Amino acid sequence: EALAAEWMLEFACSCLCRHFAEQSGAEFWRWRDVAQALINGVSQIPPHQKKTVYLCQLLIRIAQGKNLGLQFENDQKISPLESALSFWTLLEREEIKLEKLHEEIRRLIQIQIVAVHMENRYFKEAAEVLERLFTDSESDKPLRVKLATVIKTKDPYVPLLQSFSYSLLISKIKSYIELFMKENETNFLIQEATKHVASKGLGATALQNRPVEVNENGKSDLETKQRFVLSIILLRDVLGQKLATSMFPIFFKFVFFCGLNNMQNVEQNGVSLACSRRRQRWTHKEDMELKLGVREFGVGNWAKILAHGNFNNRTSVMLKDRWRTLNK
């Protein structure tokens, strides 16, 4: 089960990267839901796959970076790009060979966090976010001073913001994706899935276009579910050729129903909810992980704490509730 989960997550992440790079909106959002279902369905992320998980979460947030009405963190002050910055920080810790590109992307995200607030005429919020973004280190000071000056002008079209635009950020992220994809180009799952889609393309299309009685209001939701089911079936068929284990059908059913549950419980802001989990007692070790996470990332940054910590099948909401209990 663990091996199958790793292969499927790698495949989903690669598809997410490809569709982000190609700016394939509908396909990107479809694979976002697949990747999120897989991540939510795994009780513990293996250390060697943390980079994969962080990248998926980063891309999902960058793609929605200009939507200030969308919340990825429990703290409503945290914009999608601020949440993306936290995952970029985690990615930086996983590798050191791309220091220059890391720095460029970090600065672009920081600048665009301020720029997006200014584009929406949220100047007060832009000043507040500036305080959260930067430390008092000397290396941060020049950019911090420039952005503070820009905010005072209340002009979202000043040269600095235009020079370090959102399109430039997307371009740099694509450069990073290209490097990531090269490192993972030997993934057999991509090769096998490509062959499978080529050989079964007509059958897949027929399945996807099968007529179903449904009212107009539920049509879009059903089509989304059908596309999700199709993608999982393709993965199942590919993995079925490689795995000689009786446990795989059980795992497939778990991921399948977990994914459908996510599809049926999409919040208004478009972020998939985690699959339902049975209530389980918190261990002393988990409490310590939570306390360490709050100490490092701060109260409210539950998604970062969850991604970085070692928790037993928890969600960010569970972390928030447990922290409230511990404080009592």
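What counts, and where the lines are drawn
- Residues numbered from 1 in each chain as written.
- Predicted model: local features only at pLDDT ≥ 70, side-chain atom pairs only at ≥ 80, totals over all residues.
- Heavy atoms only, no water.
- Helix = DSSP H or I, 4+ residues; strand = E, 2+ residues; numbered from the N terminus.
- Contact = heavy atoms within 4.5 Å.
- Phe/Tyr/Trp six-rings, centres within 6.5 Å; stacked < 30°, edge-to-face > 60°.
- Buried < 20%, exposed > 50% of the residue type's maximum accessible area, 1.4 Å probe, protein only.
- Salt bridge = Lys/Arg side-chain N within 4 Å of Asp/Glu carboxyl O.
- pLDDT = per-residue confidence, 0-100.
- Axes fitted to C-alpha atoms, helices over the stretch in contact; angles between N-to-C directions.
- Parallel < 35°, antiparallel > 145°, perpendicular 65-115°, else oblique.
- Nonpolar A, V, L, I, M, F, W, Y, C, P; charged D, E, K, R; others polar.
- Expected span 1.5 Å × (residues − 1).
- Left-handed = near helix turned anticlockwise from the far one by under 90°.

1. A few points about the overall build of the protein
- Counting secondary structure elements, the protein contains 15 helices and zero strands.
- A fraction of 69% describes how many contacts in the protein between residues 6 or more apart in sequence connect residues 24 or more apart.

2. Focus: the packing of aromatic side chains
- Taken as a whole and assessed by the stated rule, the structure comprises six aromatic pairs.
- Ring geometry for W88 against Y176: centres 5.0 Å apart, planes inclined by 75 degrees, an arrangement best described as edge-to-face. Taken as a pair, W88 in helix α4 (residues 80-94) and Y176 in helix α9 (residues 166-183) lie far apart in primary sequence, 88 residues in all.
- Seen from their ring centres, W282 and F311 are 6.2 Å apart, and the 70 degrees between their planes marks the pair as edge-to-face. Residue W282 is found in the loop between α12 (248-264) and α13 (284-297), and its partner F311 is found in the loop between α14 (302-308) and α15 (316-327); the two are separated by 29 residues along the sequence.
- Note on W282: relative accessible area 18%, which makes it buried.
- By way of ring pairs, the aromatic residues F20, F28 and W29 are connected into one cluster.

3. Observations concerning the pattern of salt bridges
- Throughout the structure, instances matching the rule amount to twelve salt bridges.
- One salt bridge connects E296 with R93, and the closest N-O pair in it is separated by 2.9 Å. Residue E296 is located in helix α13, and its partner R93 is located in helix α4; the two are separated by 203 residues in the primary sequence.
- The partly exposed category is assigned to R93, whose relative accessible area is 44%.

4. Considerations on the confidence of the model for the protein
- Residues of the protein with pLDDT of at least 70 account for 70%, and the chain-wide mean is 77.
- Between residues 202-217, whose pLDDT stays under 50, and residues either more than four places distant or in other chains, the model counts eleven contacts.
- Across residues 241-277, confidence stays below pLDDT 50; counting only partners more than four residues off in sequence or on other chains, it has 72 contacts.

5. Brief notes about the packing of α4 against helix α5 (residues 99-119)
- The contact between α4 and α5 brings their axes to 10 Å, and the two run at 170 degrees. By the criterion of interaxial angle, the relationship of α4 to α5 is roughly antiparallel. Mapping the contact onto sequence places L81, E82, L85, W88, T89 and E92 in α4 and L101, H102, E103, I105, R106, I109, Q110, Q112, I113 and V116 in α5.
- A breakdown of the residues in the contact of α4 with α5 according to their chemical character gives eight nonpolar, four polar and four charged.

6. Structural notes on helix α3 (residues 50-63)
- Taking 1.5 Å of rise per residue, 14 residues should cover 20 Å, and α3 covers 20 Å from first to last C-alpha, within 8% of that figure.
- Within α3, twelve of the 14 residues are buried, which leaves the element mostly enclosed by the surrounding structure.
- Regarding α3, the residues found buried are K51, T52, V53, Y54, L55, C56, Q57, L58, L59, I60, R61 and I62.
- Where α3 is buried, its residues meet α1 (2-21), α2 (25-41), α4, α5, α9 and α14.

7. As for the environment of F87
- Of note, F87 is situated in helix α4.
- Put simply, F87 and V53 are 34 residues apart on the chain and 9.2 Å apart in space, counted from C-alpha to C-alpha.

8. Some points on unusual backbone geometry
- At Q23, a residue that is not glycine, the phi angle is positive and equals roughly 55 degrees.
- Located in the positive-phi region is R121, a residue other than glycine, with phi close to 65 degrees.
- Inspection of the secondary structure assignment puts R121 in the loop between α5 and α6 (123-133).
- According to the relative accessible area criterion, R121 is exposed, its value standing at 51%.

9. Remarks on the side chain of H102
- Along the chain, H102 falls in helix α5.
- Not counting chain neighbours up to four residues away, the residues in contact with H102 comprise W88, E92, E95 and Y176.

10. Here we look at α1
- A rise of 1.5 Å per residue sets the reference length of α1, with its 20 residues, at 28 Å; its end C-alpha atoms lie 29 Å apart and thus fit the reference within 8%.
- Along α1, 15 of the 20 residues are buried, which leaves the element largely enclosed by surrounding structure.
- Q23, located one to two residues past α1, shows a positive phi value of around 55 degrees.

11. Describing the packing of α1 against α3
- Where α1 meets α3, the axes come as close as 10 Å, and the angle between the chain directions of the two elements is 30 degrees. Here α1 runs over α3; the crossing is left-handed. Contact residues: α1 offers L9, C13, L16, C17 and F20, while α3 offers T52, V53, L55, C56, L59, I60, I62 and A63.

12. A few points about the environment of E178
- Here E178 shows up in helix α9.
- Separated by 157 residues in sequence, E178 and A21 place their C-alpha atoms 8.4 Å apart.

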